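Each chain, written out:
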Amino acid sequence: MSRLVELRSVGRDYLVGGSLVRALASVDLTIDAGQFVAIVGPSGSGKSTLMNVLGCLDRPTRGTYELAGVEVSSKDADERALIRNRLLGFIFQGFNLMPRTSALENTELPLVYRGVGKSERRRRALAALVRVGLHDRVHHTPTELSGGQQQRVAIARALVTDPPLLLADEPTGNLDSVTTYEVLSLLQELVRDAGRTVVLVTHEPDVAACAERVVTVRDGNIVSDQLVASPRDARVLLEDARRRAVHVGGA
Amino acid sequence: MNSLSLALRALLAAKVRALLTTLGILIGTAAVVVVVALGTGARARIGAEIANIGTAAVFVFPDTGMRGGARAAAAGLSDGDAAAIRVDASAVSGVTVWNTLRARVHSAYDSYKTSVMGVDQEYFQVRGFALADGRGFTDGEVRSKAKVVVIGSTVRRELFGTEPAVGQWLRIGRHAYRVIGLLAEKGRTPFEDQDDRVILPIGTWRSRVSPASGQRVQLIMASARTTAHSARAEEQIRTILRERHHLGADSPDDFVVRSQEGFRKAQDAILDMVTGLLGAVALVALFIGGVGVMNIMLVSVAERTREVGIRMSIGAREGDILLQFLVEALLLTTSGGVLGIGVAALVSHGLASALGWSLRLDGGAVVVALSTSVLVGLVFGILPARRAARLDPVEAIRQG
């Protein structure tokens, strides 16, 4: 498998109120293409900072970061914007869709910044929405969609540019268990069937259990990095959750 | 195109706010355009009134001021002065002396108090009077002090009603005069009703209407060959009269020369100043509107920090964000400018009918006001837009 992410001795310090905060101490991490990696850790452990560095939203204070063979830690703001547009897809806890904007237009947005023509944009956005099972909701605005549907629009938006790396920051944090497993089974499908690479930040062990590999961060360092012998199948968990929901609903 | 629809959508999301912000620009733009339209209208109106009197007219008054003390009313103007101007002033095409007094005039039907004037035969040409009926004075009538008059249409209405006036008789004091001509209507100037007059040959006037005034001349009227000759005509008349009045190099004029053209220029200068001043105030208002735009754009950027973060996370560059907010500010000010010109058109129309002026939107003023509103959008939009573009994506996404 080809190496997609390679972090070497990456650290990130912040100056907060005059004192230095070491959010990341020294992190070495490699991720191969086609992996489903969960990053876990308590809040304040540095996992969000790690995610921001991986997402080229933030630059490391020290160390090097190679993404798809390109050294990106030294790139300037516009170059990083280009990398985010070409190589990365983001899925956030709060969905982060544009308000008053249809699912279709939300999904098209990354292609707008890439300068793709209108008809081509529409075609690819529709394909992405079909891929996440929202073909019948393309003209709905976020307020007309459920949380799970909104998150699927966000996934479609992340997929539409066909990026090698998907970054999901607590993507199920705002969802109930049924929609949580819907989203997770979609992510698993993307890795299994489409060969995507997914890095998912979570503090829920149940969610992390669906990944093939769990990286644990604490106090700005990676304290454990383990392959999961048998990742849980979100489809099965989804069935269980649905049954429980029906049961609770019936009782 | 895309950033335009994006900006439109953002503005429509907060309609009332956008409308209020636009209002500042709207008022400023409308003020600029209306002020200039009023200035242009006033100028046109004064120009029309002066044209009615005759743009090439030059008036010479005796200066009865007591500046000289000893000189008092000694000199005055004479027929000889008028004759000298006629012969020697090359920029002058016609000259007449002019005396007037208020007197009651009687016809067979009625009597009426009006201005009774004594003039040369050139009077009609100098003042631009045409005859609606009959004829003017002949040289012989002027020389022989014939008892003939030309009357204005107001006098004709008062004395003869709808009867034809030419050939009728009227009486001033003890003497009867035959009406030989009727002036074509000329309308009012700011100073007088130009149709309210009875005109006699100057000799007749002196000997029969006002024997007490002797050879005195109240006013010499001349007309320059063209409006462009006005200044030269003024200068020539002044030179001729100073020589005739034996004024030394150090003594002041004992007369005053005034041309309509000079009067118009003075009026224009004042109007230009007032228009310029008010226009500047209006432009200041427009800029204050711009400060309002900046304020609202700053609020908008603060409110949409998260949106900016999201856009950055999916690949928007600083330039993309900058353009987005700049276009929004430009859209605000430009639509304010366009609406302002619409309002200015309405206000001008209303003012035009209220004042009875002909007001037209000045193309230059519209261009200046519109381009200023665009400029205001650029100037006051750039700071908020830069603030948005410089946001740190990590911080921006975390907010909201």
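Residues numbered from 1 in each chain as written. Chains lettered and ligands numbered in written order. Predicted model: local features only at pLDDT ≥ 70, side-chain atom pairs only at ≥ 80, totals over all residues.

This part covers the overall build of chain A. Helix and strand counts for chain A come out as eight helices and ten strands. Radius of gyration (C-alpha) of chain A: 18 Å, near the 18 Å computed for a compact globule of 251 residues. If you line up chain A on its principal axes, its C-alpha atoms span 50 × 50 × 40 Å. The buried share of chain A, taken over its 251 residues, is 47%. (Helix = DSSP H or I, 4+ residues; strand = E, 2+ residues; numbered from the N terminus. Rg over C-alpha atoms; globule rule 2.2 N^0.38 Å. Buried ≥ 20, exposed ≤ 12 C-beta atoms within 10 Å, placed from the backbone.)

As a further point, take the overall build of chain B. When helices and strands are counted, chain B shows 13 helices and ten strands. Rg of the C-alpha trace for chain B: 34 Å, well past the compact-globule value of 21 Å for 400 residues, more than 25% over. By its C-alpha atoms, chain B is 105 × 55 × 35 Å across when sized along the principal axes. Here chain B, with 400 residues, has 42% of them falling under the buried criterion. Here the analysis covers contacts within chain B between residues at least 6 apart in sequence; of these, 83% occur between residues at least 24 apart. (Contact = placed C-beta atoms within 7 Å.)

A word on the domain arrangement of chain B. For chain B, the assigned domains are domain 1 (2-49 + 265-398) and domain 2 (64-253). Averaged C-alpha coordinates put domain 1 of chain B and domain 2 of chain B at centres separated by 57 Å. (Domains from an automatic or database assignment.)

The relative placement of two packed helices comes down to the angle between their axes together with the axis-to-axis distance. Residues and elements named next belong to chain A. Following both chains from N to C, one finds helix α3 (residues 103-114) and helix α4 (residues 118-131) inclined at 120°, their axes separated by 9 Å at the closest point. When the axes of α3 and α4 are compared, the pair comes out oblique. For the element pair α3 and α4, the recorded crossing hand is right-handed. For the pair α3 and α4, contact is made by A103, L104, T107, E108, L111 and V112 and by R121, R122, R124, A125, L126, A128 and L129, respectively. When grouped by side-chain class, the residues that make up the contact of α3 with α4 number eight nonpolar, one polar and four charged. (Axes fitted to C-alpha atoms, helices over the stretch in contact; angles between N-to-C directions. Parallel < 35°, antiparallel > 145°, perpendicular 65-115°, else oblique. Left-handed = near helix turned anticlockwise from the far one by under 90°. Nonpolar A, V, L, I, M, F, W, Y, C, P; charged D, E, K, R; others polar.)

Its 27 residues give helix α12 (residues 363-389) of chain B an end-to-end C-alpha distance of 37 Å, which sits within 8% of 39 Å, the value for a rise of 1.5 Å per residue. Helix geometry: α12(B) is bent most strongly at G381(B), by close to 40°, with proline P384(B) lying one to four residues after it. (Expected span 1.5 Å × (residues − 1). Bend = angle between axes of the 7 residues up to and from the residue.)

Residue and element names in this part refer to chain A. Strand order in the open sheet formed by six strands is β6-β7-β8-β3-β9-β10, and the pairing between neighbours is mixed. Here the strands that pair on one side only, and so sit at the sheet edges, are β6 (88-92) and β10 (221-227). For this sheet, the mean angle separating the axes of adjacent strands, direction not counted, is 15°. Sheet topology note: the β6/strand β7 (residues 165-169) ladder contains five bridges and is parallel. The residue of β7 that forms the bridge with G89 is L166. (Pairing = 2+ DSSP bridges.)

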